[in-house]
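# Topology and contacts: notes
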Amino acid sequence: MSKKAPGAPPPFVLWREVLAAYAMPAVTAGLGGAVTRQPQLVAAALTTIGATSALVAAALGATLRRRPVRTRPARTPRALAAAVLGLAAAALGLAAGLAAARWLPQVPALAHSPWPRRLPVDLPLSSAIAATVTTWRWRGSRPTHPARPTLTPEYRLPTTPRPERQTS
């Protein structure tokens, strides 16, 4: 394990991001379901909400990690990048949720289950939150300024004193 330089941003570790992306929404929604006595919300917290968040964080985090380190700072503000990817993930989650809500009730075992009807809400919300947080944390782990080599005195070019100008 390497130590980070003082003042360097925290490292982006994918497994930690995926674990947090699963645990935080699952615990939050699960507690909300337990307090309001909604057993279907508790079940959804551990399945569709937590699993969707973890899947989005894993896919997006792996994609972002493969991007090359830029030699210049990113031009897009951190909040804008997180918001755009969050909205894109929400749109994809909504499309998947609507498609699943339409086709899953045709499966005889799920015909009378309330689970497919929750998908158009659970998937976009989980996707948006996971994508926003993952992008925010990834952009925070990138250096804000390009690494520039510093010249130590022994590597500097020798300078010769300038002759003084004669003024008449």
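Here the structure is a predicted model, which means the values were calculated and not measured. (Residues numbered from 1 in each chain as written. Predicted model: local features only at pLDDT ≥ 70, side-chain atom pairs only at ≥ 80, totals over all residues. Heavy atoms only, no water.)

### Things to note about the overall build of the chain
If you tally the helices and strands in the chain, you get four helices and zero strands. When the helices and strands of the chain are listed from N to C terminus, the series reads α-α-α-α. Taken over 168 residues, the chain has a buried fraction of 29%. By sequence separation, contacts in the chain at least 24 residues apart represent 78% of the contacts at least 6 residues apart. (Helix = DSSP H or I, 4+ residues; strand = E, 2+ residues; numbered from the N terminus. Buried < 20%, exposed > 50% of the residue type's maximum accessible area, 1.4 Å probe, protein only. Contact = heavy atoms within 4.5 Å.)

### Observations concerning the pattern of salt bridges
Per the counting criterion, the structure on display carries two salt bridges. Two residues, Arg 137 and Glu 17, come together in a salt bridge whose shortest N-O distance is 2.8 Å. Linking Arg 137 in helix H4 (residues 115-141) with Glu 17 in helix H1 (residues 14-35), this pair joins segments that are 120 residues apart in sequence. Using a relative accessible area of 47% as the deciding quantity, one classes Arg 137 as partly exposed. (Salt bridge = Lys/Arg side-chain N within 4 Å of Asp/Glu carboxyl O.)

### Concerning the packing of aromatic side chains
Following the criterion strictly, the structure yields zero aromatic pairs and no others. One residue, Arg 102, lies across the ring of Trp 103, its end atom 5.1 Å from the ring centre. (Phe/Tyr/Trp six-rings, centres within 6.5 Å; stacked < 30°, edge-to-face > 60°. Lys NZ or Arg CZ within 6 Å of the ring centre and 35° of its normal.)

### Focus: the layout of surface pockets
In this approach, a probe sized like a water molecule rolls over the atoms, and the result shows the empty space that is left. Within this model, the second largest pocket holds a volume of roughly 160 Å³. Lining the second largest pocket are Thr 52, Leu 55, Val 56, Ala 59, Leu 60, Leu 85, Ala 89, Leu 92, Gly 93, Ser 127 and Ala 131. Residue assignment for the lining of the second largest pocket shows that the elements contributing at least two residues are helix H2 (39-66), helix H3 (78-103) and H4. If you tally residues by element for the lining of the second largest pocket, the top one is H2, at five residues. For the lining of the second largest pocket, the class distribution of residues is eight nonpolar, three polar and no charged. (1 Å grid on protein atoms, 1.4 Å probe; cavity = no way out; pocket = protein on both sides within 12 Å on 5 of 7 lines; lining within 4 Å. Points joined across faces, edges and corners; volume = space filled by probe spheres on them. Nonpolar A, V, L, I, M, F, W, Y, C, P; charged D, E, K, R; others polar.)

### Topic: the environment of Thr 47
Take Thr 47: it is sitting in helix H2. By relative accessible area, which is 40% here, Thr 47 ends up partly exposed. With 25 residues separating them along the chain, Thr 47 and Tyr 22 place their C-alpha atoms 9.5 Å apart. Residue contacts for Thr 47: discarding those within four places in its chain leaves Thr 52 and Trp 115.

### Observations concerning the confidence of the model for the chain
Detailed reading of the predicted coordinates is not advisable wherever pLDDT falls low. Taken residue by residue, the chain gives an average pLDDT of 84. The fraction at 70 or more is 78%. Here H4 stands out as the element of the chain with the lowest mean pLDDT, 91, in contrast to H3, whose mean of 95 is the highest. (pLDDT = per-residue confidence, 0-100.)

### Re the packing of H3 against H4
Two elements in contact, H3 and H4, have axes separated by 7 Å at closest approach and are oriented at 160 degrees. Judged by the angle between their axes, H3 and H4 are roughly antiparallel. Judged by the twist between their axes, the crossing of H3 over H4 is right-handed. Its residues assigned to classes, the contact of H3 with H4 comprises 19 nonpolar, seven polar and three charged. (Axes fitted to C-alpha atoms, helices over the stretch in contact; angles between N-to-C directions. Parallel < 35°, antiparallel > 145°, perpendicular 65-115°, else oblique. Left-handed = near helix turned anticlockwise from the far one by under 90°.)

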